[in-house]
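Coordinates in review
The lines below spell out each chain.
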Amino acid sequence: MTTQKTASPFPSVDRVARLPRVLDLCEEHGRTAVIEAIRAVLESYRARMSEPDYQIPDEDEIAGQVAARLQQRGSFALRRVFNLTGTVLHTNLGRALLSERAVQHVGMAMREACNLEFDLDSGGRGERDSLIEEVLTELTGAEAATVVNNNAAAVLLVLAALAYEKDVVLSRGELVEIGGAFRIPDVMRSAGARLVEIGTTNRTHPADYQRAIGPNTAALMKVHTSNYKIEGFVTQVSEPEVADIAHAHDLPFLIDLGAGSLIDLTAYGLPKEPIVREVIASGADIVTFSGDKLLGGPQAGLIVGKKALIERIKRHPMKRALRVSKLTLAALEATLLSYRNPEHLLRDIPTLRLLTRPLAEIEALAARLQPVVAAALGAAWRVEVLPARSQVGSGSLPVDVIPSAALAISHHEARSGAALNTLATRLRELPVPVIGRIADNRLLLDLRCLEDEAAFAGQFKQLQQLQPVGNAAASSE
Ligand SMILES: *Cc1c(COP(=O)(O)O)cnc(C)c1O
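Residues numbered from 1 in each chain as written. Predicted model: local features only at pLDDT ≥ 70, side-chain atom pairs only at ≥ 80, totals over all residues. Heavy atoms only, no water.

Okay, the environment of Asn 92 next. Turning to its location among the elements, Asn 92 is positioned in the loop between β1 (82–83) and α6 (100–111). Judged by relative accessible area, Asn 92 falls into the exposed class, the value being 67%. Residues Asn 92 and Ser 394, 302 residues apart in the sequence, show an inter-C-alpha distance of 9.5 Å. (Helix = DSSP H or I, 4+ residues; strand = E, 2+ residues; numbered from the N terminus. Buried < 20%, exposed > 50% of the residue type's maximum accessible area, 1.4 Å probe, protein only.)

Turning next to the packing of aromatic side chains. On inspection of all chains with the given rule, the structure shows 2 aromatic pairs. With 5.5 Å between their ring centres and 80° between their planes, Phe 82 and Phe 456 make a pair best called edge-to-face. With Phe 82 in strand β1 and Phe 456 in helix α20 (residues 453–466), this residue pair connects regions lying 374 residues apart in the sequence. Since its relative accessible area comes to 5%, Phe 82 is described here as buried. Taken together, Phe 82, Phe 456 and Phe 460 form an aromatic cluster joined through their ring pairs. The ring of Phe 233 carries Arg 203 above its face, with NZ or CZ at 3.7 Å from the centroid. (Phe/Tyr/Trp six-rings, centres within 6.5 Å; stacked < 30°, edge-to-face > 60°. Lys NZ or Arg CZ within 6 Å of the ring centre and 35° of its normal.)

Read from one edge to the other, the open sheet built from 4 strands follows the order β11-β12-β15-β14, with strand pairing classed as antiparallel. Both edges of this open sheet fall to β11 (381–390) and β14 (437–439), since each of them pairs with a single strand only. The sheet shows a mean angle of 35° between the axes of neighbouring strands, taken without regard to direction. Of the strands in this sheet, β11 and β12 (402–411) are in contact with helix α18 (residues 359–377), which crosses β12 at around 10°. (Pairing = 2+ DSSP bridges. Axes fitted to C-alpha atoms, helices over the stretch in contact; angles between N-to-C directions. Contact = heavy atoms within 4.5 Å.)

On to the sheet that holds strand β7 (residues 217–223), then. Ordered by their spatial adjacency, 7 strands build an open sheet running β2-β10-β9-β8-β7-β3-β6, and the pairing between neighbours is mixed. Bordering the open sheet on either side are β2 (144–148) and β6 (194–198), each of which pairs with just one other strand. Across this sheet, the average inter-strand angle for adjacent strands is 25°, counted without regard to direction. Bridge analysis of strand β8 (residues 253–258) against strand β9 (residues 286–290) gives 4 bridges, and the strand direction is parallel. Residue pairing in the sheet places Leu 254 in a bridge with Ile 286 of β9. Packing against the sheet, helix α13 (residues 307–315) makes contact with β2, β9 and β10 (301–305), and its axis sits at approximately 25° to β2.

The next point concerns the packing of helix α3 (residues 20–29) against helix α5 (residues 59–74). Between α3 and α5, the least distance of the axes is 10 Å, while the angle of their chain directions is 15°. Taken together, the axis directions place α3 and α5 in an arrangement best described as roughly parallel. In this structure, α3 crosses over α5, and the sense of that crossing is left-handed. Across from Arg 21, Val 22, Leu 25 and His 29 in α3, the residues of α5 making contact are Asp 60, Ala 63, Gly 64, Val 66, Ala 67 and Leu 70. Of the residues that constitute the contact of α3 with α5, the class distribution is 6 nonpolar, 2 polar and 2 charged. (Parallel < 35°, antiparallel > 145°, perpendicular 65-115°, else oblique. Left-handed = near helix turned anticlockwise from the far one by under 90°. Nonpolar A, V, L, I, M, F, W, Y, C, P; charged D, E, K, R; others polar.)

The share of residues in the protein chain with pLDDT of 70 or more is 94%, and the mean pLDDT across the chain is 92. In the predicted structure, residues 1–6 sits below a pLDDT of 50 and forms 0 contacts with residues beyond four places in sequence or in another chain. Predicted confidence is poor over residues 471–477, with pLDDT under 50, and the contacts of this stretch with residues over four places away or in other chains come to 11 contacts. (pLDDT = per-residue confidence, 0-100.)

This next bit is on the domain arrangement of the protein chain. Domain annotation for the protein chain reports domain 1 (13–73), domain 2 (82–89 + 355–475) and domain 3 (100–348). Computed over C-alpha atoms, the centres of domain 1 and domain 2 are 39 Å apart. (Domains from an automatic or database assignment.)

Next up on the list: unusual backbone geometry. One non-glycine residue, Asp 250, lies in positive phi territory at about 60°. Examined against the element boundaries, Asp 250 turns out to sit in the loop between α11 (239–248) and β8. In this structure, Asn 441 is a non-glycine residue whose phi angle is positive, near 60°. Within the secondary structure, Asn 441 sits in the loop between β14 and β15 (442–446). With a relative accessible area of 43%, Asn 441 lands in the partly exposed category.

Neighbouring the ligand are the residues Arg 95, Asn 150, Asn 151, Ala 152, Ile 178, Phe 182, His 224, Ser 226, Asp 256, Gly 258, Ser 290 and Lys 293. Within the contact set of the ligand, an oxygen atom lies 3.0 Å away from a backbone nitrogen or oxygen of Asn 151. Here Ser 290 contributes a side-chain N or O atom positioned 2.7 Å from an oxygen atom of the ligand. Out of a free accessible area of 380 Å², the ligand has 94% covered by protein chains. Contributions of two or more residues to the shell around the ligand are made by α8 (151–163) and β8. Tallied by class, the residues present in the shell around the ligand amount to 3 nonpolar, 6 polar and 3 charged. (Near = heavy atom within 4 Å. Polar contact = N/O pair within 3.5 Å; in protein donor to acceptor, adjacent residues only side chain to side chain. Areas by Shrake-Rupley, 256 points an atom, 1.4 Å probe, with all protein chains shown as cover.)

Have a look at this one:
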């Protein structure tokens with residue numbers, strides 16, 4: 001036993017814990033985490049002991065490893081990135097950025113007690129939805145409103161509450177798949193509703209709706225075909241016509257709008273997207289749309305429409321399972337309040353600000369950053385300013401694209417695919433990872449969504465001082 005102990009090539013956990021450098025770590029991370037890290041580091045050395053080129057670590061090295069492990073385990077998995085994909089509402093990069101007002105309001109709701117379900121007038125119990133119902137009905141023209149976790153949940157809940165074990169009539173041209181497992185036929189089934197498909201992929205007529213209505217019909221439905229467009233010999237029945245047919249049979253007319261804008265984007269030179277107020281005015285009884293698409297707020301599913309129907313939806317047991325947190329409600333309320341101030345809307349709501357950002361401003365930004373990025377990457381790379389096309393993203397306006405400007409980075413070698421991938425990896429390893437996209441043998445950094453120019457330029461300048469990316473990229477192939 002004794003011989004074995006003295007032969008151990010490792011210092012004890014205690015001994016490492018008393019090293020001055022490790023004592024400093026205790027200050028920062030607490031002793032429990034430090035001891036855990038020391039054990040793990042010593043264990044990993046022990047596990048490698050039988051390897052041929054194994055070397056006994058010295059105390060400095062062990063302390064360094066302990067510090068590295070603590071740093072790694074203390075750092076967040078969720079991190080800020082630069083979204084230079086050109087897609088403003090990028091689902092994988094978090095969709096809408098919240099307004100400063102929303103961030104402040106969420107901060108309040110996190111730090112302080114708040115009247116989430118408490119009626120300050122009566123002193124009795126309140127309802128959390130009532131916090132946003134007034135502004136939401138005002139902005140949409142609907143009688144009532146409620147909110148759940150996302151639009152997928154909104155569609156599911158509406159169908160479960162209004163069409164359980166009943167028929168819902170929907171055109172074949174609108175059997176949408178959004179991605180991420182949201183497919184209208186599957187959502188219908190999960191909600192317990194029966195999908196009655198009418199018409200064909202390209203053409204559906206009023207008579208198709210008329211014929212499909214029977215004793216078991218619960219609703220007529222339209223789904224906004226947000227992420228595709230069918231062109232050519234195409235007819236769909238307009239909202240007012242479907243509303244008339246539904247109401248003649250005393251049935252509700254449901255619309256899943258997807259992005260659903262609260263304002264007319266064409267006023268700012270953007271392509272037409274359905275406006276919630278307009279579809280309500282055209283006779284829809286229930287409209288669902290996302291909080292973090294064109295609205296520019298938090299992830300949420302907004303349900304607006306007729307009071308009696310909204311009441312049924314709110315009473316459904318699934319509503320409790322899908323209800324939103326106070327953080328979501330705070331962010332949503334602040335976002336919606338910005339819409340009461342149209343003059344400042346584009347300034348205050350980042351999604352709308354980025355979508356309407358003047359091309360000249362993006363081009364000027366590109367011209368300023370081109371030399372910075374070129375210098376950082378070194379002589380192996382060519383960095384040009386090129387016209388680009390941004391997208392709204394999240395399935396909105398799939399066909400239309402918005403003129404933008406990009407830094408286009410290409411390698412001087414002809415076969416540069418591997419070097420481009422390496423460069424893309426390097427950019428993702430930056431302190432604030434830079435996410436672009438590769439197209440036509442170039443790495444494109446669309447600058448529409450870059451607002452923090454100083455941070456972006458700063459980390460490229462740092463990169464230049466550390467190591468030229470050009471050499472690293474070229475030599476690794
Ligand atoms: C985006 C979208 C959804 C899903 O909305 P989430 O908020 O992502 O859950 C549903 N329907 C349509 C038509 C959409 O465009």
